[in-house]
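Observations on chain architecture
Single-letter residue listing:
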Amino acid sequence: MAGDGRRHHQSRHRRRHLDNPRPPPYEGEMEVSIVGAGLVGCLLACYLARRGHHVTLYERRPDPRERGPDRGRSINLAISRRGIDALSRIGLDGKVLHAALPMAGRMMHGMDGALTFQPYSADRSQAINSIGRADLNRELLEAASAQPGVEVRFGCRLTGLDERTGRLRFASGEEAEAGVVIGADGAYSAVRARLQQLPGVSFSQECLDYGYKELSIPPQDGRFALDPGALHIWPRGRSMMIALPNPDRSFTCTLFWPHDTLAALDTPQRIRAYFAEHYRDAFGLMPDLVPDFRGNPVGHLVTMRCSPWHAGGGDAVVGLVGDAAHAIVPFYGQGANCGFEDCVELDRCLDEAGDDFPRALELFERRKADTDVIARLALDNFVEMRDKVGSRVFLAGKRLEHALERVLPGYVSRYELISFSTTPYSQVERRVARQRRLAVAAGAALVALGFAARRRRGLVRTPEAD
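Residues numbered from 1 in each chain as written. Predicted model: local features only at pLDDT ≥ 70, side-chain atom pairs only at ≥ 80, totals over all residues. Heavy atoms only, no water.

For the rest of this paragraph, the subject is the overall build of the protein. From N to C terminus, the protein includes 18 helices and 19 strands. When burial is assessed residue by residue, the protein has 53% of its 466 residues classed as buried. Within the protein, residue pairs in contact and separated by at least 24 positions form 71% of the contacts whose partners lie at least 6 positions apart. Summing over all exposed atoms, the protein offers an accessible surface of approximately 20,700 Å²; the carbon and sulfur share of this is 51%. (Helix = DSSP H or I, 4+ residues; strand = E, 2+ residues; numbered from the N terminus. Buried < 20%, exposed > 50% of the residue type's maximum accessible area, 1.4 Å probe, protein only. Contact = heavy atoms within 4.5 Å. Areas by Shrake-Rupley, 256 points an atom, 1.4 Å probe, with all protein chains shown as cover.)

Tallied over the full model, the rule gives 29 salt bridges. Where Glu362 meets Arg359, a salt bridge forms, and the shortest distance between an N and an O atom there is 3.9 Å. Here Glu362 pairs with Arg359, and both are found in helix α14 (residues 357-364), just 3 residues apart, close to one helical turn. Overall, Arg359 belongs to the partly exposed group, its relative accessible area being 37%. (Salt bridge = Lys/Arg side-chain N within 4 Å of Asp/Glu carboxyl O.)

Structurally, the position occupied by Glu365 is in the loop between α14 and α15 (368-388). Within the buried core, Glu365 has no salt-bridge partner, and the shortest N-O distance to an opposite charge, that of Lys368, equals 7.4 Å. Setting aside chain neighbours within four positions, we find Glu365 in contact with Pro308, Trp309 and His310. (Lys, Arg positive; Asp, Glu negative; His and termini not counted.)

The subject of this paragraph is the packing of aromatic side chains. Enumeration over the complete set of coordinates arrives at 18 aromatic pairs. Ring plane angle 70° and centroid distance 6.5 Å describe the contact between Tyr274 and Phe275, whose orientation is recorded as edge-to-face. For Phe275, a relative accessible area of 0% corresponds to the buried category. Pairing Trp309 with Phe364 gives two aromatic rings, centres 5.5 Å apart and planes at 50°, and the pair type is tilted. Here the residue Trp309 occupies a position in the loop between β17 (299-307) and β18 (310-312), and Phe364 occupies one in helix α14, the gap between them amounting to 55 residues. Like Trp309, the residue Phe364 is buried in the burial classification. Every member of this aromatic cluster is reached through a ring pair, and the members are Tyr210, Tyr212, Phe256, Phe331 and Phe382. Just above the ring of Phe293 sits the side chain of Lys213; from NZ or CZ to the centre is 5.0 Å. (Phe/Tyr/Trp six-rings, centres within 6.5 Å; stacked < 30°, edge-to-face > 60°. Lys NZ or Arg CZ within 6 Å of the ring centre and 35° of its normal.)

A word on helix α13 (residues 335-353). Spanning 19 residues, α13 covers 27 Å between terminal C-alpha atoms, matching the ideal 27 Å at 1.5 Å per step. Within α13, 15 of the 19 residues are buried, leaving the element largely enclosed by the surrounding structure. Immediately downstream of α13, the backbone of Gly354 shows phi near 65°, a positive value. (Expected span 1.5 Å × (residues − 1).)

This part covers the packing of helix α2 (residues 39-50) against helix α6 (residues 133-145). Closest axis-to-axis distance for the α2/α6 pair is 9 Å, and the angle between their directions is 25°. As judged from the angle between their axes, α2 and α6 are roughly parallel. The two elements α2 and α6 cross, and the hand of that crossing is left-handed. For the pair formed by α2 and α6, the contact residues are Leu39, Cys42, Leu43, Ala45 and Cys46 on the first element and Arg133, Leu136, Asn137, Leu140, Leu141, Ala143 and Ala144 on the second. Looking at the contact of α2 with α6 residue by residue, the classes come out as 10 nonpolar, 1 polar and 1 charged. (Axes fitted to C-alpha atoms, helices over the stretch in contact; angles between N-to-C directions. Parallel < 35°, antiparallel > 145°, perpendicular 65-115°, else oblique. Left-handed = near helix turned anticlockwise from the far one by under 90°. Nonpolar A, V, L, I, M, F, W, Y, C, P; charged D, E, K, R; others polar.)

Note on sheets: strands pair through backbone hydrogen bonds, and any given pair is parallel or antiparallel. Read across the open sheet, the 7 strands follow the order β6-β5-β14-β15-β16-β13-β17; overall the sheet is mixed. A strand with exactly one partner marks an edge of an open sheet, and here the two such strands are β6 (115-119) and β17. With direction set aside, neighbouring strand axes in the sheet form an average angle of 25°. When strand β5 (residues 105-109) meets β6, the two strands line up antiparallel, connected through 5 bridges. In the sheet register, Arg106 faces β6, and the bridge partner there is Gln118. (Pairing = 2+ DSSP bridges.)

Turning our attention to the sheet that holds strand β4 (residues 101-103). Taken in spatial order, the 3 strands of this open sheet run β3-β7-β4, and their pairing is antiparallel. Each edge of the open sheet is held by one strand with a lone partner, namely β3 (76-79) and β4. Put simply, the sheet's adjacent strands are angled 35° from each other on average, direction ignored. Here 3 bridges tie β4 to strand β7 (residues 128-132), and the two strands are oriented antiparallel to one another.

With that out of the way, let us pick up the pairing of strand β12 (residues 180-183). Covered by surrounding structure in β12 are Val180 and Ile182 together with Val181 and Gly183, the residues of both alternating faces. Pairing analysis gives 4 bridges linking strand β1 (residues 31-35) to β12, with the strands arranged parallel. Looking across to β12, one finds that Ile34 is bridged to Ile182. As paired strands, β12 and strand β19 (residues 317-320) are joined by 4 bridges and run parallel to one another. Within β19, the position partnered with Ile182 by the bridge is Gly319.

This part covers the environment of Ala324. Tracing the backbone shows Ala324 in helix α12 (residues 323-326). Sequence separation between Ala324 and Gly183 is 141 residues, and the spatial gap between their C-alpha atoms is 6.5 Å. Residues in contact with Ala324, not counting those within four places in the same chain, are Gly183, Asp185, Gly186, Ala187, Ser189 and Arg192.

Looking at the protein as a whole, its pLDDT mean stands at 86, while 80% of the residues score no less than 70. Per-residue pLDDT stays below 50 along residues 1-27; that stretch engages in 65 contacts with residues further than four places along the chain or on separate chains. (pLDDT = per-residue confidence, 0-100.)

For the rest of this paragraph, the subject is the nonpolar core. Counting residues in each nonpolar core, the largest one holds 70 residues, and the members touching the most others are Ile34 and Phe340. Ranked by the residues each element gives to this core, the list is headed by α2, at 10 residues. Leave out the neighbours within four places in its chain, and Ile34 touches Gly41, Leu44, Ala45, Leu48, Val55, Thr56, Leu57, Tyr58, Ile182 and Ala184. Core analysis: the second largest hydrophobic core is formed by 34 residues, Ile128, Tyr210, Leu231 and Leu417 among them. (Core = buried A, V, L, I, M, F, W, Y, C linked by side-chain atoms within 4.5 Å.)

Set out below in structure tokens:
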């Protein structure tokens with residue numbers, strides 16, 4: 001797949017736009033086209049520019065810094081350790097976290113309005129960070145645009161791609177070429193759509209019979225209407241609502257409901273009645289409930305898997321990152337974190353390959369073992385969030401888990417390994433299983449020691465004593 005040295009050398013000297021020649025780049029520099037100027041595309045542009053490559057970001061939408069985010073599609077993100085690690089490597093973590101709000105646990109809202117706080121870690125020192133997707137995208141877009149050698153072009157919807165030559169065609173009629181083309185254009189990627197047509201490329205998608213819809217809770221008398229230090233969840237069996245805080249003291253709420261429930265609330269009266277019954281404590285905090293519910297679009301929840309993530313063999317190579325390669329549902333808060341970690345891993349592969357992109361993208365395929373695991377865990381966590389988090393058995397299990405963290409050195413819960421470490425996703429479950437075996441062994445040893453101590457004190461009768 002890497003091709004011979006002659007082809008690789010030739011691909012370094014592609015003109016960025018066919019109608020706008022430029023001097024060839026210095027030896028070792030590549031012309032890279034990234035399709036998609038969302039979160040992952042912008043961060044990857046920063047990483048590649050740091051390596052000295054020329055990057056053109058193509059985005060089908062207008063510049064969001066001028067137009068603003070799409071109504072009802074600015075679902076908040078929970079940035080945690082993996083995302084922070086990726087941002088810190090290029091010096092963006094401080095600026096991003098300055099605009100984020102830490103959430104140290106879940107606040108469960110019962111049907112009767114009762115509140116139960118579940119900390120994410122035993123000592124309550126760990127937190128995930130709420131930030132609006134649109135705000136984060138603007139920060140990353142500014143950072144990418146400021147990099148030497150990075151150009152961002154908006155209103156460029158990809159309509160054609162030749163993976164052998166790196167030629168791109170856009171709806172505007174413009175064409176371009178690059179030695180490296182990377183699809184960072186999301187779950188419904190146009191770049192991946194081309195790769196899917198190639199022999200040997202497999203693709204699958206799994207759609208939940210659920211949609212999501214954004215609502216909001218505005219500030220109350222200039223203050224947060226709910227505790228801003230928690231991710232709020234209204235678990236309701238087959239459905240749920242969540243709310244994350246914003247710096248302007250509002251909350252962005254997201255419904256995750258079956259499509260038939262969303263469709264059934266087709267009048268203002270039914271909307272109000274349903275929320276008054278099922279979300280009693282939130283209903284009075286949502287003055288724009290009806291217009292938001294009726295006006296905001298319904299999003300779809302989908303898991304997508306593709307293999308391989310790269311193709312080439314001529315004068316160019318094409319690869320996929322982020323949701324374009326492995327879209328997951330949002331129930332572990334790892335979508336953006338996982339995509340950001342892709343940038344770290346691809347950067348690591350480029351180090352190993354000496355910036356030979358075909359070889360680096362081949363190495364990058366090892367990441368699929370991790371993304372397959374987090375895709376499955378995200379689906380499992382949906383069931384936990386909507387069905388289990390309010391149960392006494394679940395709460396007792398969480399208390400036991402935190403107790404083990406306090407008494408067993410090195411014991412870390414699955415949630416903490418996913419959210420508060422950079423342990424590869426594929427290693428998390430093996431570590432959790434090993435920890436549980438050790439905990440069982442330690443428990444058995446403690447029981448045996450206790451029994452022996454009681455026996456020495458004569459508190460336990462034995463057959464010999466009778």
